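So the chains spell out like this:
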Amino acid sequence: MPLFNYIAIDKEGKQKEGTLEVGSQNEAISRIKEMGYYPTQVAEVKDSPEEVKKRKKKGKKGEISLSLPTVSSKELTQFTRQLAVLIDAGLPLMRGMNTLQKSIKNPYFCGIIAEIGDTIGAGSTFSEALAKHPKIFDSMFIFIVKAGETAGVLDKVMMKIAEFIKHDLEMRDGIKSALRYPA
């Protein structure tokens, strides 16, 4: 069975690291959730278990193929649009976040959503919770959300953000295909 290294966050917000020997990445994610953690990174160890054990004995670290966790623009657009719809339907923000967390397939993004929910539950505003994740939510996103919170129109603002991200993604794709055409 393959080995998977993971980084997860426990309910207190502390980072936990470990290795699991399971059949697949999805099984590793399920096992981590069963342990009560929010997985933020799960990656397969490319070496066999015997090679990893040998390197540990020699004091050398095993080579691990870790892909940097990312959130695509498409996932961000989908999250933003769905949250806008849930808020517009009258669902409280925390409940909406919990609902969306269950539907997100990206384990890294799912962990981020859980962290944002925990931060809001601790008394912070939505924009403050988003600001803790600048690699995913840029400053413009956060400022617009903050303005929406202040004005009481968070659902409308979130829908506009989703439309903007979608338009930006379409424009980038158009530029890429236009640049590829001459080649």
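### Quick notes on the pattern of salt bridges
Right, on to step 1. Within this structure, the stated rule accounts for two salt bridges.
Right, on to step 2. Where Glu27 meets Arg31, a salt bridge forms, and the shortest distance between an N and an O atom there is 3.6 Å. Taken as a pair, Glu27 and Arg31 lie in helix 1 (residues 25-34) at a separation of four residues, close to a single helical turn.
Right, on to step 3. On the accessibility criterion, Glu27 (34% relative accessible area) is partly exposed.
Right, on to step 4. The shortest N-O distance in the salt bridge between Arg172 and Asp168 comes to 3.1 Å. Separated by four residues within a single helix, Arg172 and Asp168 lie in helix 8 (residues 154-180), roughly one turn from each other.

### As for the sheet that holds strand 2 (residues 15-21)
Right, on to step 1. The three strands are arranged 2-1-3 in an open sheet whose pairing can be described as antiparallel. Single-partner strands in this sheet number two, and they are strand 2 and strand 3 (38-44). The sheet shows a mean angle of 20 degrees between the axes of neighbouring strands, direction not considered.
Right, on to step 2. Across six bridges, strand 1 (residues 3-9) lies against strand 3 in antiparallel orientation. Bridge pairing in strand 3 places Asn5 opposite Ala43.

### With respect to the packing of helix 3 (residues 73-88) against helix 4 (residues 93-103)
In a packed pair of helices, the relevant descriptors are the angle between the two axes and the axis-to-axis distance.
Right, on to step 1. In the contact formed by helix 3 and helix 4, the axes pass within 10 Å of each other and the chain directions differ by 140 degrees. Judged on the interaxial angle alone, helix 4 and helix 3 are oblique. Judged by the sense of rotation from one axis to the other, the crossing of helix 3 with helix 4 is right-handed. The segment helix 3 lies against helix 4, with Phe79, Gln82, Leu83, Leu86 and Ile87 engaging Leu93, Gly96, Met97, Thr99, Leu100 and Ser103.
Right, on to step 2. Split into classes, the residues belonging to the contact of helix 3 with helix 4 amount to seven nonpolar, four polar and no charged.

### A closer look at the environment of Val157
Right, on to step 1. Looking at where Val157 falls in the secondary structure, it is placed in helix 8.
Right, on to step 2. Taking the relative accessible area as the measure of exposure, Val157 reaches 15% and is therefore buried.
Right, on to step 3. The sequence separation of Val157 and Ala147 amounts to 10 residues, and the corresponding C-alpha distance is 8.4 Å.
Right, on to step 4. If sequence neighbours within four positions are ignored, Val157 has contacts with Ile144, Val145 and Gly148.

### Examining the confidence of the model for the protein
Right, on to step 1. Residues of the protein with pLDDT of at least 70 account for 87%, and the chain-wide mean is 82.
Right, on to step 2. Ignoring residues within four places in sequence, the model shows residues 58-66, a span with pLDDT below 50, making 15 contacts including any to other chains.

Reading guide: rules and limits
- Residues numbered from 1 in each chain as written.
- Predicted model: local features only at pLDDT ≥ 70, side-chain atom pairs only at ≥ 80, totals over all residues.
- Heavy atoms only, no water.
- Salt bridge = Lys/Arg side-chain N within 4 Å of Asp/Glu carboxyl O.
- Helix = DSSP H or I, 4+ residues; strand = E, 2+ residues; numbered from the N terminus.
- Buried < 20%, exposed > 50% of the residue type's maximum accessible area, 1.4 Å probe, protein only.
- Pairing = 2+ DSSP bridges.
- Axes fitted to C-alpha atoms, helices over the stretch in contact; angles between N-to-C directions.
- Parallel < 35°, antiparallel > 145°, perpendicular 65-115°, else oblique.
- Left-handed = near helix turned anticlockwise from the far one by under 90°.
- Contact = heavy atoms within 4.5 Å.
- Nonpolar A, V, L, I, M, F, W, Y, C, P; charged D, E, K, R; others polar.
- pLDDT = per-residue confidence, 0-100.

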